[in-house]
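Observations on chain architecture
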Amino acid sequence: MKLAHKKNEVRHIVSEWRARNLRVAFVPTMGALHEGHLALIRQARQHADHVVVSVFVNPTQFGPGEDYQQYPRSLSADVEQCRTEGVSLVFAPDYEEMYGRAGAPQYVSIRISKMHEHLCGATRKGHFEGVLQVVNKLFLIVRPDVAVFGQKDIQQWFIIRQMVEEFDHPMEVLMGPTRREEDGLAMSSRNVYLTEEERNKAPLLFEAIQRLSQRLTGVIRDSNNGDAGIPVDESLIKAEIERLRANGFKVDYLSLVSTPDLQPACVIHSGRLYVIAAAVWLGKTRLIDNVLLNTRKYPDHDA
Ligand code: PAF
């Protein structure tokens, strides 16, 4: 396995693979790798001859007052985990290598419309522009055939996939399922911030999302007018928000949105894919999670 800190090293290595018609899969990360990332790497390996992992804590996607400085960094452990997982190349640039001396953005950035208005985009202004800025650069450096991103960051996944489509990146974007601790908490590099008491409460987030999903699924199943659309009973969402608040969570959002536009859904139509997504604060830690509500297999689907 190779560790590269420079873009040109990566370009050189990948172009040699390409010259031999080998397929390249890519897993972009901010490091502090955990089982969730390793599962994405294993998924990537199934689709290519070589897997590239990038490790870069991208400052342009953190807002003022967010956790850019505190974000866990563990490059040597990450590199060892990548080696064990059969990764061919780890790309770990520093800020200047990524953005040049002048920093970013200088004159050009990618504008997103609509898809960033709700969910995390509503409170994390500029976050997804920062994500697209770095992911677009990474795609142009690595030129993968396929990239894998986790379902946990579902809004990010849909926005990146849209960029790939609209910018004609000749590649596929795959979604890796969310990996969970035994009690249901979605794995995240930020879970290390939780105190013991917060850690014990944290699984209530997934429980709330799952309960909401089951209730909505029940309503859909019991309804006879799947094609005309079933109005969403907002009181089901409000009840889960109240329950989380009563347990000490500060709720940024708990919403049902349609895909791929990520707009709040007031009506559920049969044959479409929706997402129930939430972001909450437990003390100083922001947790996100989601489940897909797939009405495509209506009426016998599971959420
Ligand atoms: O999901 C992440 O870890 C980051 O947002 C990403 C995609 C690596 C871009 O910095």
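Note: the structure precedes this text.
Everything numeric in this text was worked out from a predicted model, so none of it was measured.

The biggest cluster of nonpolar side chains holds 46 residues, and the ones touching the most others in it are Val10, Leu89, Val135, Phe139, Phe149, Phe158 and Ile160. Among the elements that make up this core, the one with the highest residue count is helix 6 (residues 127-142) (nine residues). One finds Val232, Leu256, Ile268 and Ile276 within the second-largest nonpolar core, a separate group that totals 30 residues.

Turning our eyes to something else, we now look at helix 2 (residues 35-45). For helix 2, the complete set of buried residues consists of Gly36, His37, Leu38, Ala39, Leu40, Ile41 and Ala44. Structurally, helix 2 contributes buried residues whose contacts are with strand 2 (24-29), strand 3 (50-55), helix 3 (75-84), strand 5 (146-150) and strand 6 (172-176).

Time to look at the side chain of Lys152. Counting through the fold element by element, Lys152 comes out in the loop between strand 5 and helix 7 (154-166). Buried and unpaired, Lys152 has no salt bridge, with Asp153 as the nearest side chain of opposite charge at 4.2 Å. With near-sequence residues (within four places) excluded, Lys152 lies in contact with Thr178, Ala186, Met187, Ser188, Ile288 and Asn290.

Here we come to the sheet that holds strand 1 (residues 2-4). Strand order in the open sheet formed by six strands is 1-4-3-2-5-6, with parallel pairing between adjacent strands. Edge positions in the sheet fall to strand 1 and strand 6, since each has one partner strand and no second. Each strand of the sheet is rotated relative to its neighbour by a mean of 25 degrees, with strand direction disregarded. Bridge analysis of strand 1 against strand 4 (residues 89-91) gives three bridges, and the strand direction is parallel. Bridging from a neighbouring strand, Ala4 pairs with Phe91 of strand 4.

About the cut-offs
Residues numbered from 1 in each chain as written. Predicted model: local features only at pLDDT ≥ 70, side-chain atom pairs only at ≥ 80, totals over all residues. Heavy atoms only, no water. Core = buried A, V, L, I, M, F, W, Y, C linked by side-chain atoms within 4.5 Å. Buried < 20%, exposed > 50% of the residue type's maximum accessible area, 1.4 Å probe, protein only. Helix = DSSP H or I, 4+ residues; strand = E, 2+ residues; numbered from the N terminus. Contact = heavy atoms within 4.5 Å. Lys, Arg positive; Asp, Glu negative; His and termini not counted. Salt bridge = Lys/Arg side-chain N within 4 Å of Asp/Glu carboxyl O. Pairing = 2+ DSSP bridges. Axes fitted to C-alpha atoms, helices over the stretch in contact; angles between N-to-C directions.

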